[in-house]
Amino acid sequence: NDLFEILATDVLNAIRGASGSTEVLESVIRCVNRWRRFVERRGEPLSDEEVRGLIGELVVLCRCVRRLGADAALAAWTGPNRGLRDFELPDASVEVKTFQGDDAATVLIGSPAQLDGVAERRVYLCAVRVTPSEAQGATLGEFVARAMTVIGSEPAALSSLEDRLATGGYLTSHAPLYVKRFVAGPILMYAVTPKFPR
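Visitor: Looking at this structure, how should I read the overall build of the protein chain?
Guide: Along its length, the protein chain carries six helices and four strands. Counted from the first residue to the last, the protein chain has its helices and strands arranged as α-α-α-α-β-β-β-α-α-β. At 18 Å, the protein chain has a C-alpha radius of gyration in line with the 16 Å of a compact globule built from 198 residues. Judged by the C-alpha coordinates and their principal axes, the protein chain covers about 60 × 40 × 30 Å.

In structure tokens:
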């Protein structure tokens, strides 16, 4: 019942935010499709590890938006769709991993293929420190809000962001579920060369 109530509220908000019958219909369809993707993927809250991973990808996404623009950066973000790597940029592939602290700062690679190079295309490992911090940190919902601010007010780009988040297991209406706070940074980039450890 609670899940249905949240869905109904999201549909009502989509209707309220639209003007004209065509836009209302399109908004409702987008909202229902977003929920369908969410339920098909998981339908339950993200684990702490998944939250940290999503925060790392959002941090990198914001940098990509500033460099490439919102549409290109969102198109390159393949992590929520379970792509081999998290970003397929025009000139390189980027795999994002998070770690918690300076001590034993290691990351686990799910598949050696994530670090396999392709001719004429560089592969980078982006390691983002995501540390719990009640005093200075931000919640997952606040990291999402920051990404929305960086993307700007373009409805299509914001809708694309929400679609990818839903595919990854997060809905904006579920922000109150995620109360733990994290600080993200620094961001360390490594070019994956032939001798790079796998």
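Let's pick the thread back up.
Visitor: Help me out: how do you make sense of the environment of Ala76 in this one?
Guide: Of note, Ala76 is situated in helix H4 (residues 70–76). Residues Ala76 and Thr22 lie 54 residues apart in sequence; the distance between their C-alpha atoms is 29 Å. Beyond its immediate stretch of four places on either side in the chain, Ala76 contacts Asp86, Phe87, Glu88 and Leu89.

Visitor: Is there a simple way to think about the nonpolar core in this case?
Guide: Within soluble globular proteins, side chains that are nonpolar tend to cluster in buried spots. Within the largest apolar cluster, 35 residues are counted, with the highest numbers of intra-cluster contacts made by Leu58, Leu61, Trp77, Phe87, Leu140 and Leu161. When contributions to this core are tallied by element, the ones reaching two or more residues are helix H3 (48–68), H4, strand E2 (92–99), strand E3 (122–132), helix H5 (140–151) and helix H6 (155–167). Considering each element in turn, this core owes the most residues, 10 residues, to H3. Apart from residues lying up to four places away in sequence, Leu140 is in contact with Leu46, Val51, Leu54, Ile55, Leu58, Tyr170, Tyr178 and Lys180.

Visitor: Sorry, what's going on with H3 here?
Guide: Every α-helix carries 3.6 residues per turn, so stepping three or four residues along brings you back to the same face. Taking 1.5 Å per residue, 21 residues should reach 30 Å; H3 reaches 30 Å between its end C-alpha atoms and fits that length. Of the residues flanking the end of H3, it is Gly69, one or two places downstream, whose phi is positive at about 100 degrees.

Visitor: Before we go on, may I ask you to explain the packing of aromatic side chains in this structure?
Guide: The description of an aromatic ring pair rests on the distance of the ring centres and on the angle between the ring planes. Enumeration over the complete set of coordinates arrives at three aromatic pairs. Relative to Phe196, the ring of Tyr190 has its centre 6.3 Å away and its plane inclined at 50 degrees; by these criteria the two rings are tilted. When its relative accessible area of 16% is taken as the criterion, Phe196 is described as buried. Directly above the ring of Phe143 sits Arg146, whose terminal nitrogen or CZ lies 4.9 Å from the centroid.

Visitor: I keep staring at unusual backbone geometry and nothing clicks. Help me out?
Guide: The bulk of non-glycine residues show a negative phi, and the bulk of peptide bonds are trans. Residue Pro186 follows Gly185 across a cis peptide bond; omega there is 5 degrees. Along the chain, Pro186 turns up in strand E4 (residues 182–191).

Visitor: I tried to follow the sheet that holds strand E1 (residues 87–88) on my own but got confused; where do I start?
Guide: Note on sheets: strands pair through backbone hydrogen bonds, and any given pair is parallel or antiparallel. One open sheet holds the four strands; their spatial order is E1-E2-E3-E4, and the pairing between them is mixed. Lying at the two open borders of the sheet, with one neighbouring strand each, are E1 and E4. Of the pairings in the sheet, the one linking E3 to E4 comprises eight bridges and is antiparallel in character. Following the sheet pairing, Ala127 is matched in E4 by Leu188. Against the sheet, H3 touches E1, E2, E3 and E4, its axis set at about 65 degrees to E4.

Visitor: Honestly, H5 in this entry has me stumped. Any pointers?
Guide: If you check H5, its first and last C-alpha atoms are 17 Å apart, about what 12 residues at 1.5 Å a residue would give, namely 16 Å. When H5 is considered as a whole, its buried residues turn out to be Leu140, Gly141, Phe143, Val144, Ala147 and Ile151. Relative to the axis of H5, the buried residues are bounded by an arc of 160 degrees and lie together on one face. Of the surrounding elements, those touching the buried residues of H5 are H3, H4, H6 and E4. Just downstream of H5 lies Gly152, where phi reads positive at about 100 degrees.

Criteria and cut-off values
- Residues numbered from 1 in each chain as written.
- Predicted model: local features only at pLDDT ≥ 70, side-chain atom pairs only at ≥ 80, totals over all residues.
- Heavy atoms only, no water.
- Helix = DSSP H or I, 4+ residues; strand = E, 2+ residues; numbered from the N terminus.
- Rg over C-alpha atoms; globule rule 2.2 N^0.38 Å.
- Contact = heavy atoms within 4.5 Å.
- Core = buried A, V, L, I, M, F, W, Y, C linked by side-chain atoms within 4.5 Å.
- Buried < 20%, exposed > 50% of the residue type's maximum accessible area, 1.4 Å probe, protein only.
- Expected span 1.5 Å × (residues − 1).
- Phe/Tyr/Trp six-rings, centres within 6.5 Å; stacked < 30°, edge-to-face > 60°.
- Lys NZ or Arg CZ within 6 Å of the ring centre and 35° of its normal.
- Pairing = 2+ DSSP bridges.
- Axes fitted to C-alpha atoms, helices over the stretch in contact; angles between N-to-C directions.
- Arc of directions from axis to C-beta.

As far as function goes, none of this settles anything; it's purely spatial.
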